[in-house]
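Per-entry structural report
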Amino acid sequence: MNYEHKSIESKWQKIWQETSLADCDVSQTRDNFYNLCMYPYPSGDLHMGHIRNYTIGDVITRYKQKNGFNVLSPMGWDSFGLPAENAAIKTGIHPKKFTEERISNMRDQIQRLGSLYDWEKEVAAHDKDYYKWTQFLFIKLFENGLAYKDDAPVNWCTSCKTVLANEQVIEGGCERCEATVEQKNLNQWFFKISEYSEELLKGLDEIGDWPSNVKSMQENWIGKSKGAEFNLNILDTDLNFPVFTTRPDTLFGMTFAVLAPEHNIINEIIKISPSSEEIKKYIKKSKAKSEFERMSITKQKTGIDTGLYVLNPINGKKVSLFIADYVLVNYGTGAIMAVPGHDERDYEFAKVYNLPIFQVIIDESHSINIDQEPFTERGVLINSEEYNNLNSHDEASVEILKHLKEKGIGEEKTIFRLRDWLISRQRYWGCPIPVINCSACGLVPESFDNLPVLLPEIDDYKNSEDSPLANSKEFVNTSCPKCGIQCIRETDTMDTFVDSSWYFLRFLDSKNNDMPFNKEIINSWLPINQYIGGVEHAILHLLYSRFFIKALRDIGMVDVNEPFHNLFSQGMINFGGSKMSKSKGNVVDPESYFATHGADALRLYILFMAPPSDGVEWNDGGIEGTKRFLNKIWDNFEKMSSIEIVKHNELDAEIIRKINQAIFSVTNHLDKFEFNTAVSDLMKINIELTKYLSSTPAISIRTKDYIVFNICSLLYPFAPHIASELNNMHTSQNIAELSWPIFDETNLTDPTYELVVQINGKKRHTKIVNTGTSKEEAEKICEIEFKLDLKNYKKIIFVEDKIINFIG
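Residues numbered from 1 in each chain as written. Predicted model: local features only at pLDDT ≥ 70, side-chain atom pairs only at ≥ 80, totals over all residues. Heavy atoms only, no water.

**Some remarks on the overall build of the protein**
Counting secondary structure elements, the protein contains 25 helices and 36 strands. Along the first, second and third principal axes, the C-alpha atoms of the protein reach 105 × 80 × 45 Å. Within the protein, the fraction of its 808 residues that count as buried is 56%. For the protein, the proportion of contacts with a sequence separation of at least 24, taken over those separated by at least 6, is 73%. Carbon and sulfur atoms make up 46% of the accessible area of the protein, which totals about 35,000 Å². Charge-centre separation for the protein: the mean point of 88 positive side chains lies 3 Å from the mean point of 114 negative side chains. (Helix = DSSP H or I, 4+ residues; strand = E, 2+ residues; numbered from the N terminus. Buried < 20%, exposed > 50% of the residue type's maximum accessible area, 1.4 Å probe, protein only. Contact = heavy atoms within 4.5 Å. Areas by Shrake-Rupley, 256 points an atom, 1.4 Å probe, with all protein chains shown as cover. Lys, Arg positive; Asp, Glu negative; His and termini not counted. Charge placed at Lys NZ, Arg CZ, Asp CG, Glu CD.)

**Regarding a negative patch on the surface**
A cluster of acidic side chains, namely D394, E395, E399 and E406, defines a negative patch on the protein surface. Secondary-structure assignment places E395 in helix α12 (residues 392-407). Classification of E395 as partly exposed rests on a relative accessible area of 41%. (Patch = residues over 30% accessible without salt bridge, like charges linked within 9 Å, V, L, I, M, F, W, Y side chains within 5 Å. Salt bridge = Lys/Arg side-chain N within 4 Å of Asp/Glu carboxyl O.)

**A short note on unusual backbone geometry**
The peptide bond linking L451 to P452 adopts the cis configuration, its omega dihedral lying at 5°. In this structure, the amide linkage connecting L526 to the following residue, P527, adopts the cis form with an omega of 0°. If you trace the backbone, P527 turns up in the loop between α16 (519-525) and β26 (528-534). For N389, which is not glycine, the phi dihedral falls at a positive 75°.

**Remarks on the pattern of salt bridges**
The tally for this structure, following the rule as stated, stands at 35 salt bridges. R378 is the salt-bridge partner of D249, the closest N and O atoms lying 3.4 Å from each other. In this pair, D249 is assigned in the loop between β11 (240-245) and β12 (256-259) and R378 in the loop between β16 (361-362) and β17 (380-381), connecting sequence segments 129 residues apart. The exposure class of D249 is buried, given its relative accessible area of 0%. Note on R378: relative accessible area 36%, which makes it partly exposed. A network of salt bridges, in which partner residues are shared, links E199, R546, K550, R553, D554 and E562.

**Notes on helix α21 (residues 652-671)**
Here α21 is 20 residues long and its end C-alpha atoms lie 29 Å apart, about the 28 Å a rise of 1.5 Å per residue gives. Counting buried positions over the 20 residues of α21 gives 15, a clear majority of the element. Following α21 by one or two positions, F673 adopts a phi angle in the positive range, close to 65°. (Expected span 1.5 Å × (residues − 1).)

**Topic: the sheet that holds strand β34 (residues 762-770)**
Strand order in this open sheet of four strands is β34-β33-β36-β35, and the pairing throughout is mixed. Both outer strands of the open sheet, β34 and β35 (795-799), are each paired with one neighbouring strand and no more. Strand-to-strand, the axes of this sheet are offset by a mean angle of 15°, without reference to chain direction. As paired elements, β35 and strand β36 (residues 803-807) share five bridges and run antiparallel to each other. (Pairing = 2+ DSSP bridges. Axes fitted to C-alpha atoms, helices over the stretch in contact; angles between N-to-C directions.)

**A word on the environment of L308**
Tracing the chain through its elements places L308 in strand β13 (residues 303-311). Judged by relative accessible area, L308 falls into the buried class, the value being 9%. Residues L308 and L235, spaced 73 residues apart in sequence, show a C-alpha to C-alpha distance of 7.2 Å. Setting aside chain neighbours within four positions, we find L308 in contact with I234, I269, I272, V319, S320 and L321.

**Considering the packing of helix α1 (residues 5-18) against helix α24 (residues 720-730)**
At a closest axis distance of 9 Å, the pairing of α1 and α24 adopts a crossing angle of 90°. What the angle tells us is that α1 and α24 run roughly perpendicular. Where α1 abuts α24, its residues I8, E9, K11, W12, Q13 and W16 lie against P720, H721, S724, E725 and N728. Considered class by class, the residues forming the contact of α1 with α24 number four nonpolar, four polar and three charged. (Parallel < 35°, antiparallel > 145°, perpendicular 65-115°, else oblique. Nonpolar A, V, L, I, M, F, W, Y, C, P; charged D, E, K, R; others polar.)

**A short note on the packing of aromatic side chains**
Tallied over the entire structure, the rule returns 46 aromatic pairs. Each ring, one from Y531 and one from F564, has its centre 4.0 Å from the other, and the planes form 15°; the classification is stacked. A residue pair is termed long-range when its members are at least 10 positions apart, and Y531 in strand β26 and F564 in strand β27 (residues 564-570) qualify at 33 residues. Assessed through its relative accessible area of 0%, F564 is described here as buried. (Phe/Tyr/Trp six-rings, centres within 6.5 Å; stacked < 30°, edge-to-face > 60°.)

**Some thoughts on the side chain of H537**
Of note, H537 is situated in the loop between β26 and α17 (541-555). Residue classification places H537 among the buried residues on the basis of a relative accessible area of 17%. Each residue touching H537, except ones within four places of it in the same chain, is listed here: M38, Y41, F497 and L542.

**Details of the environment of A288**
Here A288 shows up in the loop between α9 (276-287) and α10 (291-295). The spacing of A288 and V666 is 378 residues in sequence and 57 Å in space, taken between C-alpha atoms. Discounting chain neighbours no more than four positions away, the residues touching A288 are E182 and E293.

**Here's the deal with the nonpolar core**
In terms of nonpolar packing, the biggest core is built from 169 residues, with W618 and F718 touching the most fellow members. Here this core gets nine residues from one element, more than from any other, and that element is helix α22 (residues 675-695). Sequence-distant contacts of W618, defined by excluding residues within four places in its chain, comprise M48, I573, N574, F575, M580, V588, Y593, L602, Y605, I606 and M609. Core analysis: the second largest hydrophobic core is formed by 48 residues, F230, L259, A350 and L355 among them. (Core = buried A, V, L, I, M, F, W, Y, C linked by side-chain atoms within 4.5 Å.)

**Some words on the sheet that holds β13**
The strand order β13-β14-β12-β15 describes an open sheet built from four strands, whose pairing is mixed. Of all strands in the sheet, those bounded by a partner on one side alone are β13 and β15 (335-338). Each adjacent strand pair in this sheet contributes to an overall mean axis angle of 25°, direction not counted. The pairing of β12 with β15 spans four bridges and is classified as antiparallel. Bridging across to β15, V258 finds its partner in I336. Across the face of the sheet, α9 comes into contact with β13 and β14 (318-324) while running at roughly 120° to β13.

**Structural notes on the state of the cysteines**
Under the definition given, this model contains zero disulfides. You can see C441 has no disulfide; the closest cysteine sulfur is in C483, sitting 3.7 Å from it. (Disulfide = S-S within 2.5 Å.)

**Overview of the pairing of β13**
As defined by bridge partners, β13 adjoins β14 across seven bridges and the pair is classed as antiparallel. Along β14, the bridge assignment pairs L308 with L321. Taking the residues that link successive antiparallel strands as the turn, the β13-β14 hairpin has six residues, and the phi of G316 there is positive, at about 75°.

**With respect to the pairing of strand β24 (residues 486-489)**
Pairing between strand β21 (residues 435-438) and β24: two bridges, direction antiparallel. By the bridge assignment, I436 is partnered in β24 with R489. Pairing geometry for strand β23 (residues 477-479) and β24, over three bridges, is antiparallel. Its bridge partner being in β24, S479 is matched across the sheet by Q486. Count of turn residues in the β23/β24 antiparallel hairpin: six residues, of which G484 carries a positive phi of about 85°.

Structure representation (structure tokens):
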């Protein structure tokens, strides 16, 4: 009988579905384990990046089930937003039709992979029964002052024709289409994530096992800075503005000041500046630049002299006031004191505009000058009057800040880089923002009874400068829930990351028609035990989800502080030298491998190809090796079907010990997410099984049962179809219902090992000896067996149970 993977995999997938193997009772309060893979964008077929994610997730699900846990492993679809809409626009198929076709196909592919998901709890962001509750949560945030609308400079994708959050702009381009991103001033909706900056930062120390690089990325994005804030007065006017600095120790080195082009004082400056026309032209030019361009360290700094002056508050010296776009309005105060001697960007600007550069910090040996570059390290103060020779890091900063406080012109301040989350999108394919613009009442949330605000199925869904929804009179025209007069709806839709910031809550209560979720169920299951997904979501999705949980906690909807306990970020699978991605068109479709090699061979190769946290290049040849392994293990189990059964066989002890060692090793590797080495263990134990079956004409029933149960159990999380079938060949028990194997600690060590004898580091002899042989015993063996004279060697290196090396 040959290993026919197609029929075997189809058979067991049907059995798992019929027996509801993946179904989870969320009302259970003990031994719960929430295992979640990030739900995908249904914008195409599965590719190998998905396969890696869902295989890792399924290994954990099956392993935890066999360890007695009540495992929740749900699946859904991030089906609103740019990825699905861009794919629909590209194909010319309506986003709803395109998305639902992709969902159906991707669901089928996931099932053919053999991954266990509780499909009864499936959700999709574009389903009205889901986005009704997204709108409900938006209104709750609005009512509690955490959602607001305001004018702001925003990132505008020139291709997608929509606003992007700062996190969605990569090196000046759109993260999805890579088109140029420009700056615009628009009236937009925001969530007040900045109010949670401190808690989001502190929470990183309280959550469980997260990759250190993900924590670092969030820390950097939140960007906590401590320093001083003080006012600068514009000479001969009543105007002043605050500046923030993390380096009050460098204040004596301030030789000019800079305002961002969008600063709210600019209009007043234009009225009094001798360069008013030039300022207007410069501001217009700055608005055409993306934030990335403005922050770039490679582009030459630009600015304009206002012709006005401010006073350095520490020494009263007059310095020029510039406007320059390398200063951003929404970081700090939108204005800086420029210290070119000790800041790289200020240094470059001063060189371009021939401005003074003073050195006020020097290293302790007084050997560094700033002729060629600024000195940005800490040191001691010079050219700073009574503060000279103070340590710049602590003493000088403290004393200068104290001086500013005493003069009433400055104070200690902490700021954060994190800005409020811009959620407005001028797109069709998204969750409508449930707010009405009433001429009498202002911004009014839709009443809960009228939810959901349905997304109309319009034909003209392609983007222009305005949202496509603005062209639908049926959608736009409505009445005010408060006063009843005729008014218009908001026509922007929400950022897709709003949908994904709470989907893991809905999984726990997906059929609830009265509320988005039951609070008690959420409290008993969160934080999620294991979350699995790509590191590319470190700043966007993971940070937004953490904010959502904290906001919902403060509203009283949940009692937990963090959504995810353990986080595993799998490495990217590359193809052709770059990340495999549907948007880039460099995907490898698993469909053909299901047919030619089978899901189990594909799963094993995905797991075996590299440590799961590492990036790796796809290689077609590797899957041949895992297919051969499965054929070999199949042959061994077929051989056991025909081998003679006896009461006792002296050769059994060795194979039992080898399997016991495999149980110990595979279990440890699974607990550490070392799937590649666990698969290697499986291959090694099959080699041992091949040796055993080749050397014995018979097998005891006890040993046969031990081999079948343990090898099938170890193989089951990784290659569940063949493991189930192999077990079924020899027993009527279902391997999925049996507990995880337990190893015998007393039988982990081999009684003998091969002692390698080296001379000057080169292998010369080997000898099978007892485990635990001492150095003296090994030396005696070498003297007698290999005629070595120990007096001829200067040094003898002995590694217990491994080698003995004689150095001449």
